[in-house]
Amino acid sequence: MSISGIEQQSAAGRALIIQLARLGDLLQTMPAVLALKAREPNISLDLLAAAPLAPVASLIPGVDGVIPWDGQQWREWARLDAVASADAAIGRLVPRAYELVYNLNNHPRAVLAAHLCGRRIIGPGQGGPLSTDLSPWAAYLRQVAATRGENRVHLADAWCGLCGVRPSGLVPRLAGPKAELPADLAGFGETGGLRVAVVVGAGSPERRVSHEVWVRWITGFLRECSEGAIVLVGSAAEHEGGLAIEAALSPLARSRVWNATGRTSLPQLAALLASCHWVIGGDTGPLHLGAAVGARAMGWYVARARVHETGPYGEGHWVWQADGLRVPDPTSREPWPVEDSIELLLKGACAHVPAGWSLWRSHVDRWGAYFTEAGASPDPDSSREVVWRQLG
């Protein structure tokens, strides 16, 4: 729905979700949207999202309207103390105040937006724009972010709790992305065999998989899977990295690799990932986008990325978790599970988990997403239920 469509709605039964974080966080908002719609099917639910992510936000089932938030413009207004300009912009974006605003971000700009847009706030800022008091779920999320402990509640499900709903037990999917691709990339989806997207970079440098590791992985995969095909995905900033990976491959391997880094809009990237069987990469937005459009995901989680908090949401995804907060040395052949992950992708199981790593598989039940270690019982532990019963 367009902004004009939002303007025509009545004030009654309107609610707004604020999610101004990155692509991965936007996609992890989907379970909360699904749960809110399940509780109140007739509510009109809009989403305030970072302007560059609005095309993806519009594909989230249950979202009736998307309001783009231009963060760069707001930073400029703040620098100039341009209160009148900011107030006028809010008036254009949100002609009528929402009855209810669900704020998912504990950040001053999100708290400000919540109070400018709505009458009643749930989440950070609900005690007032200057209040530092947090709801139980908001306080829990802050503690998890600070301690990186043994939390088992997925971030997407904690956001459900922040909104006052429990997870639906269903796996949300983006509405089918439709975007015309460049001719050579459109041909990738028509190739036979196993199609795999490799996410070249990550939003945080410490979570990136090195080019050397990707060259080893792609070479090994194409050797073991004679009809496999690879597409490299990433932002414009990662295009040079994609070219470096291509250049390091043999001519034969290079003939089965498509380089889409820096060449797709977000809707095009979603359409490209929807043509893939698998997406593999670090804990980054395109990995979660692949899972959201139906591909199976395999994450390599290092540094502060934690499988139980931000693993791919759904059934049957895999995460290789590096022990502690370390980033394995990319120059060594031992630290990264290259051959083991190829075996897992092709055979559904692997015989070996390298030292310094653990392997986890994703599931979903009535308490949301959870992960069980390879070789262990697929039944969840009770810690998530205990948290939910304590926090409500």
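What counts and how
- Residues numbered from 1 in each chain as written.
- Predicted model: local features only at pLDDT ≥ 70, side-chain atom pairs only at ≥ 80, totals over all residues.
- Heavy atoms only, no water.
- Buried < 20%, exposed > 50% of the residue type's maximum accessible area, 1.4 Å probe, protein only.
- Helix = DSSP H or I, 4+ residues; strand = E, 2+ residues; numbered from the N terminus.
- Arc of directions from axis to C-beta.
- Contact = heavy atoms within 4.5 Å.
- Disulfide = S-S within 2.5 Å.
- Pairing = 2+ DSSP bridges.
- Axes fitted to C-alpha atoms, helices over the stretch in contact; angles between N-to-C directions.
- Parallel < 35°, antiparallel > 145°, perpendicular 65-115°, else oblique.
- Left-handed = near helix turned anticlockwise from the far one by under 90°.
- Nonpolar A, V, L, I, M, F, W, Y, C, P; charged D, E, K, R; others polar.
- Polar contact = N/O pair within 3.5 Å; in protein donor to acceptor, adjacent residues only side chain to side chain.

K.L.:
Which parts of the structure should I look at to understand helix α7 (residues 108–117)?
P.N.:
In an α-helix, one turn spans 3.6 residues; hence positions three or four apart end up facing the same way. All of the buried residues along α7 are A110, V111, A113, A114 and C117. All buried residues of α7 lie within an arc of 160 degrees about the axis, which places them on one face of the element.

K.L.:
How should I be thinking about the environment of V387 in this particular structure?
P.N.:
Note on placement: V387 falls in helix α18 (residues 383–391). Put simply, V387 and G282 are 105 residues apart on the chain and 28 Å apart in space, counted from C-alpha to C-alpha. Sequence-distant contacts of V387, that is, excluding residues within four places in its chain, are made with W137, Y140 and V153.

K.L.:
Which parts of the structure should I look at to understand the state of the cysteines?
P.N.:
As used in these notes, a disulfide is a covalent bond between sulfur atoms, one from each of two cysteines. With the rule as written, the count across this model stands at zero disulfides. Free cysteine: C163, not disulfide-bonded; nearest cysteine sulfur from C160 at 6.9 Å. C276 carries a free sulfur, and the closest cysteine sulfur to it, the one in C225, is 13 Å from it.

K.L.:
When you look at the sheet that holds strand β9 (residues 278–281) in this model, what are you seeing that I'm missing?
P.N.:
Where strands meet in a sheet, backbone hydrogen bonds hold them as pairs that are either parallel or antiparallel. Read across the open sheet, the eight strands follow the order β8-β7-β6-β9-β10-β11-β12-β13; overall the sheet is mixed. Each having just a single partner strand, β8 (257–259) and β13 (368–373) make up the two edges of the open sheet. When the angles between neighbouring strand axes are averaged without regard to direction, this sheet yields 20 degrees. Of the strand pairs in this sheet, strand β12 (residues 357–365) and β13 are connected by six bridges, and their pairing is antiparallel. Each residue of the ladder has a partner; that of S362, found in β13, is F371. Where helix α17 (residues 338–347) meets the sheet, its contacts fall on β6 (195–199), β9, β10 (296–301), β11 (318–322) and β12, and the angle it forms with β10 comes to roughly 165 degrees.

K.L.:
Would you mind going over the packing of helix α8 (residues 136–147) against helix α9 (residues 155–162) with me for this structure?
P.N.:
For the pair α8 and α9, the least separation of the axes is 8 Å and the interaxial angle reads 155 degrees. In this view, α8 runs roughly antiparallel relative to α9, as classed from their interaxial angle. Considering how the two elements wind past one another, α8 and α9 form a crossing that is left-handed. Each of W137, A138 and L141 in α8 lies in contact with α9, whose residues at this interface are L155, A158, W159, G161 and L162. Here the residues of the contact of α8 with α9 are counted per class, giving seven nonpolar, one polar and no charged.

K.L.:
When you look at the sheet that holds strand β2 (residues 44–50) in this model, what are you seeing that I'm missing?
P.N.:
Strand order in the open sheet formed by five strands is β3-β2-β1-β4-β5, with parallel pairing between adjacent strands. Only two strands of the sheet have a single neighbouring strand rather than two, namely β3 (65–69) and β5 (118–122). Between one strand and the next, the sheet's axes are offset by a mean angle of 25 degrees, whatever the strand orientation. As judged from the four bridges shared by strand β1 (residues 14–19) and strand β4 (residues 98–103), these two strands associate in the parallel manner. Residue pairing for β4: A15 is matched across the bridge by L100. Here helix α3 (residues 30–39) sits on the sheet and contacts β1, β2 and β4; the angle it forms with β2, its principal contact strand, is near 165 degrees.

K.L.:
I would appreciate a short explanation of the environment of H363 in the present structure.
P.N.:
Structurally, the position occupied by H363 is in strand β12. Put simply, H363 and P380 are 17 residues apart on the chain and 8.8 Å apart in space, counted from C-alpha to C-alpha. Each residue touching H363, except ones within four places of it in the same chain, is listed here: G314, E315, G368, A369, Y370, T372 and P378. Within the local environment of H363, its side chain forms a polar contact with the backbone oxygen of R361, the two atoms lying 3.5 Å apart. Looking at H363, its side chain comes within polar contact range of the side chain of T372, at 2.8 Å.

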